[in-house]
Amino acid sequence: MTVTYTLDVSKSQFSSFSKLLLRWRGSLWKTVYKELICWLCLYATLTCIYRFLLNAHQRKTFEDIAGLCFKYTDFIPLTFILGFFVSLVVNRWWDMFNNIGWIDNTALYVAAYIQGSNDDVRMIRRNIIRYLVVVQTMVFRDISPPIRLRYPTMNSLQEAGLLNEAEMIAFDGVESHHAKYWLPIHWAMVLIYQAREREYMISDGMVMDLYNRLREYRTGLATLCCYDWVPVPLAYTQVVFLTVRCYFLIALMGRQYVSTKRDIQVHSAVDLYFPLITVIQFLFYMGWMKVAEALLNPFGADADDFEVNYILDRNLQVGINIVDDAAGSLPKQEKDSFWFEKQPTPLYSTEMANVAMNPAVGSATEIPTPEVSTLMVPRTSPSVSRKSSKQPGSVGDFFKSMKSHGTRSSSRECDRFTKMDELEQGLTLSVGGADLPVTKTLPVNLNEMENKEHEKHTLRPTETAPAILRLVPTAKKSPVIRIEGEASKETASALGALLEQDESET
C-alpha cells in the first residue's frame, strides 16, 4: 500500500524529478484522472452547444452567463480553506503514525530486566510480547478495514495463534460493554509481577520501569482510538470538498472561450478549444484535496495508507527474537580494531574515499588570524551606559533649573555640592573668594539636578556638556562661568548669553 520513492530522490537532480512524474501508482495522475475526464467531458459539451447549436440571441445569453461566472469565480476563498484543511489533516496523520505502536523498545527492556534461560522465564518473556501484539491487533480490528477483514472475529485471533484456548476462555469470562483493550495489558503486568516474585528480576525499580513501558505502549494505541472516534468535524470536511467542486463547476462556464465583439470580461483575443490553464489549475487544487482525502484515515486500503498487516507481523517477529533468541546473549568481548588509535577513523569504500566533507566548524574561524602577536591592554575609556529615551538636557537647561530653585542664593547650592561623596574631575566652583574643591561629572540628563535626591545619581560627561566649567563670583556676588579645557567658543557664547538673560530677568 505505501508508495516508496525515497531512493529516486536521493540526489536532487532533474532526472530524479522526471522519474517521479512518470510513476503511476500513488501519483497525481492516478488520483485525479477520473475527475479530470468528467470535467473535460462537461466542458466540451458546453463548448459544442455554444459553437454549433445556439442562435445569435442564445449565444449572447450564453456569453453573459460565462462573463458572470468568470467575474465571481475568485470570490470563493479556495486557497485559504484548502491550505488550512490540508495542514490540519497532515498533522493528524503524522501523529497517528508516531503512536502506531512499535514493540522494539519494550521488548529490549523485557529482555534486559527478566533474566534467565529456563522454560519458565522464556515463557514469561514471550507471552508479554504476545499480549502486546494481541492488544494492538484488537485496536487495529476496530479502526482498520484490512485488519477487520483479516480477523473478522475474536475467535480468529485464537485460530491465528495469537491467543490460546485458556486465554480465550479468560477473555470471554470478563464481562464488559466496552472494548477490552486493557485486558492483555493487565495480563502482561501480572507476568512482570510474577517474574519479580520468582526473583527473575533483581529490583523493584525494574518492575516500575517495565510498567511505564507498557503504559506508554497502551497510551499510544488509545490515541489511535481517539483519532478514529473523533475525526475532523464533518461540516468542515464538507465545506472544503464542496468548495473545490463548486469552484470548478462554476469554471465550466466561466472558463469558456467565446467569440464576440462585445466588450465583456470573459472575451479572449485567442480562441482555444482546450482550456489548458484551467486543466493545470484543476490538477493542482484537485490533487491537493485528494491528498487530504487519503490522509483523513490512513488505516484504510489506499495506496498511501499504513501497512498495518506488516506492522502486526513485524512486531510479533521482532519482539520474539529480542526476548527469546537475543535475551542474555553477548558476543565474546575483545579489543576493538582501534584500540591503539587516539583518533579512530573507519575505512571508506573506493567510491566514497575522495568525497569532500563539510565538518562542523564555527563560521567565525574563517576570519584571518593576524601574523603578529596581539598586544592585550586594559580598557582605558570609561564605560557609558545606554542613552536615555529622553533627549539629554543641555548646559543651559542645567543653569535654568538651578535658577528656578534659587541659584542666585549660591551658598545653598554650594552646600549641596560640597556634600557629594564621589568627586571626579570635571566641575569646580569658586564662591565668596574661596575655591571649593567640589568636582562632579555632569549628568546625562541635566534636569536630574532638580531632584532633591540628586546625590544618589552618578553624574557623567555627555555630548551636550563636554567642557570644564568654573564658577567664579563677581562683585555683584552672582556666578560667572569660565570655560577651561577643550570647550568650543559656541558653548562659551551660549552659556554667557544664558546668564545675561537670567540677570536681566531678575
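Residues numbered from 1 in each chain as written. Predicted model: local features only at pLDDT ≥ 70, side-chain atom pairs only at ≥ 80, totals over all residues. Heavy atoms only, no water.

A. Broad picture of the overall build of the protein. Across its full length, the protein holds 17 helices and 4 strands. Burial analysis of the protein (506 residues in total) assigns 35% to the buried set. Here the analysis covers contacts within the protein between residues at least 6 apart in sequence; of these, 66% occur between residues at least 24 apart. Of the roughly 32900 Å² that the protein leaves accessible, carbon and sulfur atoms contribute 59%. (Helix = DSSP H or I, 4+ residues; strand = E, 2+ residues; numbered from the N terminus. Buried < 20%, exposed > 50% of the residue type's maximum accessible area, 1.4 Å probe, protein only. Contact = heavy atoms within 4.5 Å. Areas by Shrake-Rupley, 256 points an atom, 1.4 Å probe, with all protein chains shown as cover.)

B. Representation of the UniProt feature "transmembrane region" (unreviewed entry) in the protein within the structure. Using the residue numbers shown here, the UniProt feature "transmembrane region" (unreviewed entry) corresponds to residues 32-54, 75-94, 239-258 and 270-288. Between the C-alpha atoms that bound residues 75-94 there is a distance of 33 Å. The span itself is 85% helix and 0% strand. Within the segment residues 270-288, helix and strand shares are 68% and 0% respectively, and the terminal C-alpha atoms sit 30 Å apart. (UniProt positions renumbered as here; feature names shortened; annotations may be inferred.)

C. Up close: the pattern of salt bridges. Throughout the structure, instances matching the rule amount to 13 salt bridges. With a shortest N-O distance of 2.7 Å, arginine 130 and glutamate 167 are connected by a salt bridge. Here arginine 130, found in helix α6 (residues 119-143), pairs with glutamate 167, found in helix α9 (residues 165-173); they are 37 residues apart in sequence, far enough to count as distant. Ionic pairing is found between arginine 245 and glutamate 293, a salt bridge with its closest N-O pair at 3.5 Å. Of this pair, arginine 245 sits in helix α12 (residues 234-254) while glutamate 293 sits in helix α13 (residues 276-296), and the two are 48 residues apart along the sequence. In this structure arginine 245 comes out as partly exposed when scored by relative accessible area, which is 36%. Judged by relative accessible area, glutamate 293 falls into the partly exposed class, the value being 25%. Members of the salt-bridge network, linked through shared partners, are Glu35, Arg245, Lys290 and Glu293. (Salt bridge = Lys/Arg side-chain N within 4 Å of Asp/Glu carboxyl O.)

D. Representation of the packing of aromatic side chains. Scanning all chains against the criterion turns up 21 aromatic pairs. Here phenylalanine 85 and phenylalanine 241 contribute two aromatic rings whose centre-to-centre distance is 6.0 Å and whose plane-to-plane angle is 80 degrees, an arrangement assigned as edge-to-face. Remark: phenylalanine 241 occurs in helix α12 and phenylalanine 85 occurs in helix α4 (residues 78-98); sequence separation between them is 156 residues. For phenylalanine 85, a relative accessible area of 0% translates into the label buried. Each residue in the set Trp93, Trp94, Phe97, Trp102, Phe140, Phe299 and Phe306 is aromatic and connected to the rest through ring pairs, giving one cluster. One cation-aromatic arrangement involves arginine 59 over tyrosine 50; the distance from NZ or CZ to the ring centre is 4.5 Å. The ring of phenylalanine 171 carries lysine 180 above its face, with NZ or CZ at 4.3 Å from the centroid. (Phe/Tyr/Trp six-rings, centres within 6.5 Å; stacked < 30°, edge-to-face > 60°. Lys NZ or Arg CZ within 6 Å of the ring centre and 35° of its normal.)

E. A look at unusual backbone geometry. Positive phi is not limited to glycine here, since glutamate 199 has a value of about 65 degrees. Structurally, glutamate 199 is set in the loop between α10 (182-197) and α11 (204-229).

F. Summary view of a nonpolar patch on the surface. A grouping of Phe17, Leu21, Leu22, Trp24, Leu28, Trp29, Tyr33 and Ile37 is seen on the molecular surface, where their side chains present a nonpolar patch of about 820 Å² in accessible area. Among the elements of the structure, α1 (14-21) and α2 (28-53) are those that each provide at least two residues to the nonpolar patch. Secondary-structure assignment places phenylalanine 17 in helix α1. (Patch = residues over 30% accessible without salt bridge, like charges linked within 9 Å, V, L, I, M, F, W, Y side chains within 5 Å.)

G. The nonpolar core, seen in detail. Membership of the largest hydrophobic core comes to 56 residues, with the highest contact counts inside it found for Ile114, Ile128, Phe140, Met201 and Phe299. In terms of residue count, α6 provides more of this core than any other element does, 13 residues in total. Contacts of isoleucine 114, omitting those with residues within four sequence positions, involve Val121, Ile124, Arg125, Ile128, Ala195, Tyr200, Met201 and Leu210. In terms of nonpolar packing, the next biggest core, distinct from the first, is built from 27 residues, Ile81, Val240, Val279 and Phe282 among them. (Core = buried A, V, L, I, M, F, W, Y, C linked by side-chain atoms within 4.5 Å.)

H. Region of interest: the confidence of the model for the protein. On average, residues of the protein score 80 in pLDDT, and 74% of them reach the 70 mark or higher. For the stretch residues 387-392, pLDDT sits under 50, and the model shows 2 contacts to residues farther than four places along the chain or on other chains. Under a pLDDT of 50 for its full length, residues 405-488 has, in the predicted model, 136 contacts with residues more than four places off or in other chains. (pLDDT = per-residue confidence, 0-100.)

I. The arrangement of the packing of α6 against α10 in detail. Following both chains from N to C, one finds α6 and α10 inclined at 165 degrees, their axes separated by 8 Å at the closest point. As summarised for this structure, α6 and α10 are arranged roughly antiparallel, according to the angle between their axes. Where α6 crosses over α10, the handedness of that crossing is left-handed. In this structure, α6 contributes Ile124, Asn127, Ile128, Tyr131, Leu132, Val134, Val135 and Met138 to the contact, and α10 contributes Pro184, Ile185, Trp187, Ala188, Leu191, Ile192 and Ala195. Looking at the contact of α6 with α10 residue by residue, the classes come out as 14 nonpolar, 1 polar and no charged. (Axes fitted to C-alpha atoms, helices over the stretch in contact; angles between N-to-C directions. Parallel < 35°, antiparallel > 145°, perpendicular 65-115°, else oblique. Left-handed = near helix turned anticlockwise from the far one by under 90°. Nonpolar A, V, L, I, M, F, W, Y, C, P; charged D, E, K, R; others polar.)

J. A look at α10. With 16 residues, α10 should reach 22 Å at 1.5 Å per residue; the first-to-last C-alpha distance of 23 Å fits that figure. All of the buried residues in α10 are Leu183, Pro184, Ile185, Trp187, Ala188, Leu191, Ile192 and Ala195. Buried positions along α10 lie against α6, α9 and α11. Of the residues flanking the end of α10, it is glutamate 199, one or two places downstream, whose phi is positive at about 65 degrees. (Expected span 1.5 Å × (residues − 1).)

K. Representation of the packing of helix α3 (residues 56-72) against α12 within the structure. Between α3 and α12, the shortest axis-to-axis distance is 7 Å and the interhelical angle comes to 140 degrees. The orientation of α3 with respect to α12, classified from their angle, is oblique. In this structure, α3 meets α12 at a crossing whose hand is left-handed. Along the contact surface, α3 presents Phe62, Ile65, Ala66, Cys69 and Phe70, while α12 presents Ile250, Met253 and Gly254. Among the residues forming the contact of α3 with α12, the class breakdown is 7 nonpolar, 1 polar and no charged.

L. The arrangement of α6 in detail. Here α6 is 25 residues long and its end C-alpha atoms lie 36 Å apart, about the 36 Å a rise of 1.5 Å per residue gives. Burial within α6 is extensive, with 19 of its 25 residues counted as buried. Measuring from the backbone nitrogen of aspartate 120 back to the side-chain oxygen at the start of α6 gives 3.1 Å, which picks out asparagine 118 as the cap. (Polar contact = N/O pair within 3.5 Å; in protein donor to acceptor, adjacent residues only side chain to side chain.)

M. Up close: the environment of tryptophan 93. One can find tryptophan 93 in helix α4. Separated by 201 residues in the primary sequence, tryptophan 93 and alanine 294 have C-alpha atoms spaced 9.8 Å apart. Once residues within four sequence positions are removed from consideration, tryptophan 93 is found in contact with Leu295, Pro298 and Phe306.

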